[in-house]
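Per-entry structural report
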Amino acid sequence: MQQSAALARISPSPTLAITSRVLELKRAGVDVIGLGAGEPDFDTPDHVKDAAIEAIRAGRTKYTNVDGIPELKAAIVAKFARDNALAYTPDQVSVNVGGKHTLFNAIVATVEPGDEVVIPAPYWVSYPDVVQFAGGTPVVVAAGPEQGYKLTPEALDAAITPRTKWVILNSPSNPTGAAYTADELKALGQVIARHPQVWVFADDMYEHITYDGFAFATIAQVCPELYERTLTVNGCSKAYAMTGWRIGFAAGAPWLIKAMAKLQSQSTSNPCSIAQAAAVAALNGDQTFLATRAAAFQVRRDLVVGMLNAAEDIHCPMPEGAFYVYPSIAGVIGKTTPNGRRIDTDEDFVGYLLDDAKVAAVQGAAFGLSPAMRISYATSDDLLREACTRIQTACAALR
Ligand SMILES: Cc1ncc(COP(=O)(O)O)c(C=O)c1O
């Protein structure tokens, strides 16, 4: 028995691999600071936990509708109206086992061999792999720090061909934290509008984590002409600190939602009934804590960006959202560590940081744009200060 050709086209998630490595080191007693994980350190709010406990006690522990209970679909319809001025009906809503599952369902349900999917880089690690699993071709378009890590309309236009099926937009971005303004989205939308075969996968997972009064916008809202061919994707994982509950969702064309449900009916079936009850409470309950948490993240962002820019040879742009920074480490390439190892790649550099500074970051190569690294600042201010001090010391020790 061999693995299938579809599986051989993909790799294990590099970010989950770093998280496992940090756990191993910690178990072995090493004082390592993990800045690799993509999840908030905040806890799931109590009212959300209470709703889940209540659901268990009330016996809501059985199979549900494949792609979401009516109460949750109604809460999602209300969320899109409230936050995004987008009008959807329940038959336009799909609930999945996390945002990653939403991506998997949408791509596997629509992409055929030869189809192209435009993915701006740096990208969230799962986009190209899921496209490749489906037999499609990721068309990676570089969007480096010189353009604020944002795709330009010109580069997008040049990347689109008659075989383009989807363009993936992720704002605020994992791994850079860059977020598109309404005007920037409109300019990209004008390009996409000229190509009727192209659909937009708008990944808004970090919508509620933005800074300095940034006005979040999503493409179906600012380009109504693209409403019919946009899948607007969001979830509970990041905003409500619910990564373990596994609830992602999307809204778009009814036929696409049905196609995703068909696939889901033969794979996971419904998302966990208890997690769905929790998600109803998260979406319908108090939303004021979202701004409080974003403010706490902003303090950390400022701390990390300031300290990294004070490190020799690191250049760290200021992100608009999410809880990641993506500094360029071009300055350390070609230097030598105190042990005499030459740094040729960003993988070499994050290996040096892990071995010598005991700080875990993820190499830019994993996200398709080098030389850089991703640092997640979803951890305490004290740990961030200590980690950045270690990075500064490690950079100063290079020759
Ligand atoms: C950009 C982006 N989209 C979607 C997801 C999926 O989130 P989850 O599957 O945990 O709900 C993530 C998680 O890291 C992400 O960073």
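Cut-offs used in this document
- Residues numbered from 1 in each chain as written.
- Predicted model: local features only at pLDDT ≥ 70, side-chain atom pairs only at ≥ 80, totals over all residues.
- Heavy atoms only, no water.
- Salt bridge = Lys/Arg side-chain N within 4 Å of Asp/Glu carboxyl O.
- Helix = DSSP H or I, 4+ residues; strand = E, 2+ residues; numbered from the N terminus.
- Buried < 20%, exposed > 50% of the residue type's maximum accessible area, 1.4 Å probe, protein only.
- Near = heavy atom within 4 Å.
- Polar contact = N/O pair within 3.5 Å; in protein donor to acceptor, adjacent residues only side chain to side chain.
- Areas by Shrake-Rupley, 256 points an atom, 1.4 Å probe, with all protein chains shown as cover.
- Nonpolar A, V, L, I, M, F, W, Y, C, P; charged D, E, K, R; others polar.
- Contact = heavy atoms within 4.5 Å.
- Pairing = 2+ DSSP bridges.
- Axes fitted to C-alpha atoms, helices over the stretch in contact; angles between N-to-C directions.
- Phe/Tyr/Trp six-rings, centres within 6.5 Å; stacked < 30°, edge-to-face > 60°.
- 1 Å grid on protein atoms, 1.4 Å probe; cavity = no way out; pocket = protein on both sides within 12 Å on 5 of 7 lines; lining within 4 Å.
- Points joined across faces, edges and corners; volume = space filled by probe spheres on them.

1. Let's talk about the pattern of salt bridges
Taken as a whole and judged by the stated rule, the model has 25 salt bridges. The salt bridge partner of Asp-41 is Arg-300, with a shortest N-O separation of 2.9 Å. Note that Asp-41 is positioned in the loop between β1 (33–34) and α3 (46–57) and Arg-300 in helix α12 (residues 288–309), a separation of 259 residues in sequence. Looking at Arg-300, the relative accessible area reads 7%, which means it is buried.

2. Some thoughts on the site of the ligand
Around the ligand sit 13 residues in total, of which Gly-99, Asn-174, Asp-203, Tyr-206 and Ser-237 are the nearest. Gly-99 places a main-chain nitrogen or oxygen 2.7 Å from an oxygen atom of the ligand. When the ligand is considered free in solution it has 390 Å² of accessible area, and contact with the protein chains removes 92% of it. Looking at side-chain class alone, the shell around the ligand contains four nonpolar, five polar and four charged residues.

3. Some thoughts on the side chain of Ser-328
Among the structural elements, Ser-328 can be located in the loop between β9 (324–325) and α13 (346–357). Owing to a relative accessible area of 16%, Ser-328 belongs among the buried residues under this scheme. A distance of 3.3 Å separates a polar side-chain atom of Ser-328 from the backbone nitrogen of Ala-330. Not counting the four nearest positions on each side in its chain, Ser-328 is found in contact with Tyr-149, Asp-313, Ile-314, His-315, Pro-371 and Ala-372.

4. Observations regarding the sheet that holds strand β3 (residues 116–121)
Working definition: the strands of a sheet are paired by backbone hydrogen bonds and lie parallel or antiparallel to each other. Strand order in this open sheet of seven strands is β2-β8-β7-β6-β5-β3-β4, and the pairing throughout is mixed. Because the sheet does not close on itself, it has two edges, and the strands there are β2 (93–96) and β4 (137–142). Direction aside, neighbouring strands of the sheet carry axes that sit 20° apart on average. Relative to strand β8 (residues 248–251), strand β7 (residues 230–235) runs antiparallel, the two sharing four bridges. Pairing of Gly-235 across the sheet is with Gly-248, part of β8.

5. Structural notes on the packing of aromatic side chains
Scanning the entire structure with this criterion turns up 17 aromatic pairs. Here the aromatic rings of Phe-349 and Tyr-352 are separated by 6.3 Å at their centres, their planes lie at 50°, and the arrangement is tilted. Taken as a pair, Phe-349 and Tyr-352 lie in helix α13 at a separation of three residues, close to a single helical turn. Residue classification places Phe-349 among the buried positions, given a relative accessible area of 0%. An aromatic cluster of three or more residues is present, and its members are Phe-42, Tyr-206, Phe-297, Phe-323 and Tyr-324.

6. Quick look at the side chain of Asn-170
On the secondary structure map, Asn-170 appears in strand β5 (residues 164–170). The exposure class of Asn-170 is buried, given its relative accessible area of 11%. A polar side-chain atom of Asn-170 sits 3.2 Å from the main-chain carbonyl oxygen of Pro-172. Within the local environment of Asn-170, its side chain forms a polar contact with the backbone nitrogen of Asn-174, the two atoms lying 3.0 Å apart.

7. Some details on empty space enclosed by the protein
Applying the stated criterion to the full structure yields three cavities of 30 Å³ or more. Empty space within the largest cavity amounts to approximately 140 Å³. For the lining of the largest cavity, the secondary-structure elements that each account for two or more residues are β3 and β5. Its residues assigned to classes, the lining of the largest cavity shows 14 nonpolar, four polar and one charged. Space inside the second largest cavity adds up to approximately 70 Å³. The wall of the second largest cavity is formed by Pro-40, Phe-42, His-208, Ile-209, Lys-238, Ala-239, Ala-241, Leu-290, Arg-293, Ala-294 and Phe-297.

8. Considering unusual backbone geometry
With an omega of 5°, the peptide bond running from Ala-121 to Pro-122 counts as cis. Along the polypeptide, Pro-122 turns up in the loop between β3 and α6 (126–133). One non-glycine residue, Asp-212, lies in positive phi territory at about 55°. In this fold, Asp-212 is placed in the loop between β6 (199–203) and α9 (219–222). Judged by relative accessible area, which is 55%, Asp-212 ranks as exposed. Not every positive phi belongs to a glycine, and Ala-241 is a case in point at roughly 50°. As for its position among the elements, Ala-241 is in the loop between β7 and β8.

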